[in-house]
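# Fold and contact review
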Amino acid sequence: SLAGEGLQELRLFGVIPIQLLSYSSAVIPPLLTVYCLAKVEHLLKRVIPPSLGTVVVPSIELLVLGPIILAVVGPLSTWLSQAISNGYTGLYEVAAIPASVLFAGLYPLIVLTGTHLTFVPLMLDSIAKTGVDHIMPLMSVAHCALAAMALAVMLKTRRPKFRSVAATRALITGSGLTEPALDGV
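Residues numbered from 1 in each chain as written. Predicted model: local features only at pLDDT ≥ 70, side-chain atom pairs only at ≥ 80, totals over all residues. Heavy atoms only, no water.

### Let's talk about the nonpolar core
Ranked by internal contacts, the top residues of the largest apolar core, which has 14 residues, are Tyr88, Phe103, Tyr107, Phe119, Ile135 and Met139. For this core, the secondary-structure elements that each account for two or more residues are helix H3 (96-113), helix H4 (120-130) and helix H5 (135-156). With 6 residues, the top contributor of residues to this core is H3. Not counting residues up to four positions away in its chain, the partners in contact with phenylalanine 103 are Tyr88, Ile110, Phe119, Ile135, Leu138 and Met139. (Core = buried A, V, L, I, M, F, W, Y, C linked by side-chain atoms within 4.5 Å. Buried < 20%, exposed > 50% of the residue type's maximum accessible area, 1.4 Å probe, protein only. Helix = DSSP H or I, 4+ residues; strand = E, 2+ residues; numbered from the N terminus. Contact = heavy atoms within 4.5 Å.)

So this is what it looks like as C-alpha cells:
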C-alpha cells in the first residue's frame, strides 16, 4: 500500500535502501530466499553449539539475512522474473513459431521449477493491451501432451498397479494439473 502512495523505497535502519516491490504471484523470490537461508543456516549450525541453535540461528538469520533479502535478493529475483518474461516476449515478437514451440516444449520443466507463475502477469498484460493471449494456448498444448503421455503409459504398461497410477495421472493432467504426470509417470 505504500507503493500506491507514491513511495518507491524505504531505508532500513536509515541506511539500507529497500525497493517497494509486489511479490504477489512471485515464485523466484521465495526460491532464492530459501536457498540463501539454507546456505547461511548450514554455516551457522557449524559454528553455534546445538544447545543454542534453536534460538540463536533463526535470530541471526532474521537480523542479518532479512535486510540482505529485502535489499538484494528481492530486487534481483524480481528482475530475473521480468527478464524471463521479457525474453520470451522478445523472442515471440521476432520469431513467433519457434518461440511457441520452445515454450510449449519447455513448459513441463518450467512447471517443475515452479516458475510458470512468472508468466501470469505477462498473460494478463497481453490481454489488457491487445485483448489476446498467446501463452495460455501453449500451456494447454503442453497439458494435452502430458495427459497423452500418461495415457500412452497406461495403455502400454503391463503392470496393473502402474496402469492404475498412470490412468489416474492422465485423468488429473487432462483436467489441467500437470504435476502428477510429471512426478509420477
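### Notes on the pairing of strand E2 (residues 16-19)
Note that strand E1 (residues 9-12) and E2 share 4 bridges and pair antiparallel. Looking at E2, one finds that arginine 11 is bridged to proline 17. Linking E1 to E2, which pair antiparallel, is a turn of 3 residues; within it phenylalanine 13 sits at a positive phi near 60 degrees. (Pairing = 2+ DSSP bridges.)

### A word on the pattern of salt bridges
Summed over the entire model, instances satisfying the criterion amount to 1 salt bridge. The salt bridge involving lysine 45 is made with glutamate 41; its shortest N-O contact spans 3.2 Å. Separated by 4 residues within a single helix, lysine 45 and glutamate 41 lie in helix H1 (residues 28-47), roughly one turn from each other. Note on lysine 45: relative accessible area 54%, which makes it exposed. (Salt bridge = Lys/Arg side-chain N within 4 Å of Asp/Glu carboxyl O.)

### Here's the deal with the packing of aromatic side chains
Evaluation of the coordinates by the stated rule reveals 1 aromatic pair. Aromatic side chains phenylalanine 103 and tyrosine 107 sit 5.8 Å apart centroid to centroid with 45 degrees between the ring planes, which places their arrangement in the tilted category. Taken together, the residues phenylalanine 103 and tyrosine 107, both in helix H3 and 4 residues apart, mark about one turn of the helix. Take phenylalanine 103: its relative accessible area is 4%, and that puts it in the buried class. Residue tyrosine 107 is classed as buried on the basis of its relative accessible area of 4%. Taking NZ or CZ as reference, arginine 159 lies 5.0 Å from the ring centre of phenylalanine 162, over its face. (Phe/Tyr/Trp six-rings, centres within 6.5 Å; stacked < 30°, edge-to-face > 60°. Lys NZ or Arg CZ within 6 Å of the ring centre and 35° of its normal.)

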